[in-house]
Amino acid sequence: MKRIFLAIALILLPLGGGASFWMYKDLHTPAQHTKSGQYIEIPRGSSPTSVIKILAAEGIIKHEWPLRIYLKLSGTGSRFKSGEYDFSSPIAPLSVLARLQEGEQRLIRLTIVEGWTRWDIASAMFKVPELKLADADSALQLMNDVSLIKDLDPAASNLEGYLYPDTYEFPPSTTPTELIEIMVRRFRAMWKPEWSAKASRLNLSPREIVTTASLIETEAKLKTERPIIASVIYNRLKKDMSLAIDSSVIYAAKLEGKWRNDGKVYKSDVERLSPYNTRLHTGLPPGPIASPGESSLQAALSPAETDYLYYVREPSRNDGTHEFYSNASDFASGVQALRNWEHQRDNQKKAAQTNVRP
């Protein structure tokens, strides 16, 4: 770099040392601009001259000619990489050049939440403009391609349960199909080879483990409770008791397009004749009902050893804690305690609303 500035000084010698000093200072001085947080596109195949014009037009650099001279003498213009750049402010021209040589591509971020169904994921994908989906159903249809999991789950008819919940970053050129494949491959990368053997020792298939994990995911808020809830599920299965998990009832309603999406489970939902309705049918539902995270999958593979058959939310806490019971009588008392607490809470809310009325 010193040689380059020596050459520049020689070129500018007829203009005096002041010009050389000014150019050196211009290239090294961070300048303020208004484009921080916005992406500037450098198209593929852009010449160094056109890149400098783009930077000047966007206000990233203040003067073109110092960069032109620097690039001509250094020969670094050919190293520019196309992409979408977010330049911090202030930033020096030489720092801009370094960024252009390193390359940068804008990434889209999408978070898939643990416990989301494929409908939730399709809806989230539709909200990403860069994916250019006509509607959420377009993404949903793509989730019927089970080729990536056929070896693990031969019975799968869609990707429910296998779209791994995580935060994904991907370039704007990514297609919806590619993004779905990334989610499935993330699941495959997370699913350890020994897990299939462990499932076999439990007399369960990988599909049944993922199904159980999806039930755990929708029931447990606390990581510490997941192995315990897993034990409740397995204990009830051993006794041929219905699992009675509301999230499966809701899933059955969604399958038929009858879910009202108001947070309530109606009598018609409970009575729906669906194999996913675990209030009416014993055993696991036919397949996963949501995307489980790693801790729920591990809980399904390594349940706690308990004799619990029931659980109900602990009313005095607001963190999702449950009380667990091994007999129906104690469970009924726990349910009544929850109802009494909810009744008291509702009365307090009504009283508060009455007091604030003019």
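Residues numbered from 1 in each chain as written. Predicted model: local features only at pLDDT ≥ 70, side-chain atom pairs only at ≥ 80, totals over all residues. Heavy atoms only, no water.

Okay, the environment of Met183 next. Within the secondary structure, Met183 sits in helix α8 (residues 176–190). Those residues in contact with Met183, other than ones at most four positions away along the chain, are Leu110, Ile112, Ile121, Met125, Tyr162, Leu163, Tyr164 and Tyr168. (Helix = DSSP H or I, 4+ residues; strand = E, 2+ residues; numbered from the N terminus. Contact = heavy atoms within 4.5 Å.)

Moving on to α8. Under the 1.5 Å per step criterion, the end-to-end length of α8 is 21 Å for 15 residues, consistent within 8% with the ideal 21 Å. Burial in α8 covers these residues: Pro176, Leu179, Ile180, Met183, Val184, Phe187 and Met190. An end-on view of α8 places all buried positions within 135° of arc, on one side of the element. (Expected span 1.5 Å × (residues − 1). Buried < 20%, exposed > 50% of the residue type's maximum accessible area, 1.4 Å probe, protein only. Arc of directions from axis to C-beta.)

So, about the packing of aromatic side chains. Following the criterion strictly, the structure yields 10 aromatic pairs and no others. For the pair Tyr162 and Phe187, a centre-to-centre distance of 5.1 Å together with 85° between the ring planes defines the contact as edge-to-face. Linking Tyr162 in the loop between α7 (136–142) and β4 (167–170) with Phe187 in helix α8, this pair joins segments that are 25 residues apart in sequence. Judged by its relative accessible area of 0%, Tyr162 falls in the buried class. Since its relative accessible area comes to 0%, Phe187 is described here as buried. Among the aromatic residues, ring-to-ring pairing joins Tyr162, Phe187, Trp191 and Trp195 into one connected group. Positioned over the ring face of Tyr266 is Arg260, at 3.8 Å from the centre of the ring. (Phe/Tyr/Trp six-rings, centres within 6.5 Å; stacked < 30°, edge-to-face > 60°. Lys NZ or Arg CZ within 6 Å of the ring centre and 35° of its normal.)

This part is about the environment of Ser291. Within the secondary structure, Ser291 is located in the loop between α13 (267–270) and α14 (294–301). For Ser291, a relative accessible area of 0% corresponds to the buried category. C-alpha of Ser291 to C-alpha of Glu160: the two residues are 131 residues apart in sequence and 6.7 Å apart in space. Setting aside residues up to four positions removed in sequence, Ser291 forms contacts with Glu114, Gly115, Trp116, Ile121, Glu160, Gly161, Leu163, Pro165 and Glu217. A polar contact of 2.8 Å, which involves the side chain of Ser291, links it to the backbone oxygen of Leu163. (Polar contact = N/O pair within 3.5 Å; in protein donor to acceptor, adjacent residues only side chain to side chain.)

Taken N-terminus to C-terminus, the directions of helix α3 (residues 48–57) and helix α4 (residues 65–74) make an angle of 155°; their axes are 10 Å apart at the nearest point. Regarding the angle of α3 to α4, the classification is roughly antiparallel. Classified by chirality, the crossing of α4 by α3 is right-handed. Note on element contacts: α4 touches α3 through Leu67, Arg68 and Leu71, opposite Pro48, Thr49, Ile52 and Lys53. (Axes fitted to C-alpha atoms, helices over the stretch in contact; angles between N-to-C directions. Parallel < 35°, antiparallel > 145°, perpendicular 65-115°, else oblique. Left-handed = near helix turned anticlockwise from the far one by under 90°.)

Glancing now at the nonpolar core. In terms of nonpolar packing, the biggest core is built from 57 residues, with Leu110, Met125, Met143, Met183 and Phe187 touching the most fellow members. If you tally residues by element for this core, the top one is α8, at six residues. Once you skip the residues sitting within four places of it in the chain, Met143 turns out to touch Arg118, Ile121, Ala122, Met125, Asn158, Leu159, Leu163 and Ile180. Counting residues in each nonpolar core, the second largest holds 20 residues, with Ile40, Phe80, Leu94 and Leu97 among its members. (Core = buried A, V, L, I, M, F, W, Y, C linked by side-chain atoms within 4.5 Å.)

Another aspect to go through is the pattern of salt bridges. In this structure the tally under the stated criterion is 15 salt bridges. The shortest N-O distance in the salt bridge between Arg68 and Glu64 comes to 2.8 Å. Here Arg207 ties to Asp153 by a salt bridge, and the two come within 2.7 Å at their closest N and O atoms. Of this pair, Arg207 sits in helix α10 (residues 206–219) while Asp153 sits in the loop between α7 and β4; the two residues are 54 residues apart in sequence, bridging distant segments of the chain. With respect to burial, Arg207 and Asp153 carry one shared label: buried. (Salt bridge = Lys/Arg side-chain N within 4 Å of Asp/Glu carboxyl O.)

Going residue by residue along β4, you find Tyr168 and Phe170 tucked away on one face and Thr167 and Glu169 left uncovered on the opposite face. Where strand β3 (residues 108–111) meets β4, four bridges bridge the pair, whose relative direction is antiparallel. What sits directly across from Leu110, in β4, is Tyr168. (Pairing = 2+ DSSP bridges.)

In short, shape yes, function no, at least from these values alone.
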